[in-house]
Amino acid sequence: MAISVIIPTFNEAASITSVVTDIFAQAHQQVAEVLVVDGGSTDDTVTCARQAGATVLTSPRPGRAAQMNYGALHATGDVFYFVHADVRLHPDFVADISGALQAGFKAGRYRFRFDSDKLLLRVNNYGTRFGGLMSRGGDQTLFITRHLFSQLQGFNEQYVIMEDFDIIRRIKQQTRFAVIPKDVIVSARKYEANSWLRVQLANLAAVVLFACNVPPTRIARTYRALLTK
């Protein structure tokens, strides 16, 4: 099994070095490559990613869905592992993904916990133990076999937001979906820039609009209007 780790970025110079370095330290020989797919960063993201050992691609179209599809197009592994740039992976991710595949799963995700001990964020952490609609965000990372990704025709690039919710919904229509009972570590920066309540309301609005099949551009406008940063 060879895993291609695909990381979409936009102005992630502060975190990309540690993410890429950790992947290489943890993965031994079972990661085919780390592909950082940049969406037009104006900081040092590209330089930092290259210096850390990643292969950097510049997506012809910005946006996470388009960037992740572009990374998959250039990936050589038989498993794709999509990771956000502000997430620290579980050190056992290679063994965990391998075990899930051997158990018959073709796709799955982790639980997560924030890099903060605040009580309300610990409540959020607990919710990711379950497979409900509220816990399908990209922060939980996503692994998927190349074959299934191809069958699904990748991420739907019309989803300028909620692209992970959309592809997980389609995965579940095809096959079982694994929730690995371990945590990845997610930055709490969005909660630090906004209040907990404001972020929760923005997330809830996005999920409800998604469930009601509201156009993704409208979901994105609503989400961004509810956040200060």
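Above this text you will find the structure in question.
Residues numbered from 1 in each chain as written. Predicted model: local features only at pLDDT ≥ 70, side-chain atom pairs only at ≥ 80, totals over all residues. Heavy atoms only, no water.

## Overview of the pairing of strand β7 (residues 142-145)
- Neither face of β7 is exposed, since Leu-142 and Ile-144 on one face and Phe-143 and Thr-145 on the opposite face are all buried.
- Where strand β4 (residues 79-82) meets β7, 4 bridges bridge the pair, whose relative direction is antiparallel. In the sheet register, Tyr-81 faces β7, and the bridge partner there is Phe-143.
- With 2 bridges joining them, strand β6 (residues 107-114) and β7 adopt antiparallel strand pairing. When the sheet's bridge partners are listed, Gly-108 is paired in β7 with Phe-143. (Buried < 20%, exposed > 50% of the residue type's maximum accessible area, 1.4 Å probe, protein only. Helix = DSSP H or I, 4+ residues; strand = E, 2+ residues; numbered from the N terminus. Pairing = 2+ DSSP bridges.)

## Concerning the packing of aromatic side chains
- The full count for this structure, using the stated rule, is 10 aromatic pairs.
- Between Phe-82 and Phe-155, the aromatic rings sit 5.0 Å apart at their centres with planes inclined by 85°, giving edge-to-face as the arrangement. A residue pair is termed long-range when its members are at least 10 positions apart, and Phe-82 in strand β4 and Phe-155 in the loop between α6 (146-151) and α7 (163-174) qualify at 73 residues. Each member of the pair, Phe-82 as well as Phe-155, carries the same accessibility label: buried.
- Geometrically, the ring pair formed by Phe-149 and Phe-155 is edge-to-face, given 5.8 Å between the ring centres and 65° between the ring planes. Both residues of the pair, Phe-149 and Phe-155, belong to the buried class.
- Over the ring of Phe-105 we find Arg-176, and its NZ or CZ is 4.1 Å from the ring centre. (Phe/Tyr/Trp six-rings, centres within 6.5 Å; stacked < 30°, edge-to-face > 60°. Lys NZ or Arg CZ within 6 Å of the ring centre and 35° of its normal.)

## Topic: the environment of Gln-140
- In this structure, Gln-140 sits in the loop between α5 (119-127) and β7.
- Gln-140 gets classed as buried once you look at its relative accessible area, which sits at 2%.
- Residues Gln-140 and His-74, spaced 66 residues apart in sequence, show a C-alpha to C-alpha distance of 23 Å.

## What about unusual backbone geometry?
- Of note, Asn-11 is a non-glycine position whose phi angle comes to about 55°, a positive value.
- Its place among the elements puts Asn-11 in the loop between β1 (3-9) and α1 (13-27).
- Unusually for a residue other than glycine, Met-162 sits at a positive phi of about 70°.
- By the element assignment, Met-162 lies in the loop between α6 and α7.
- On the basis of relative accessible area, Met-162 is assigned to the buried category, the value being 9%.

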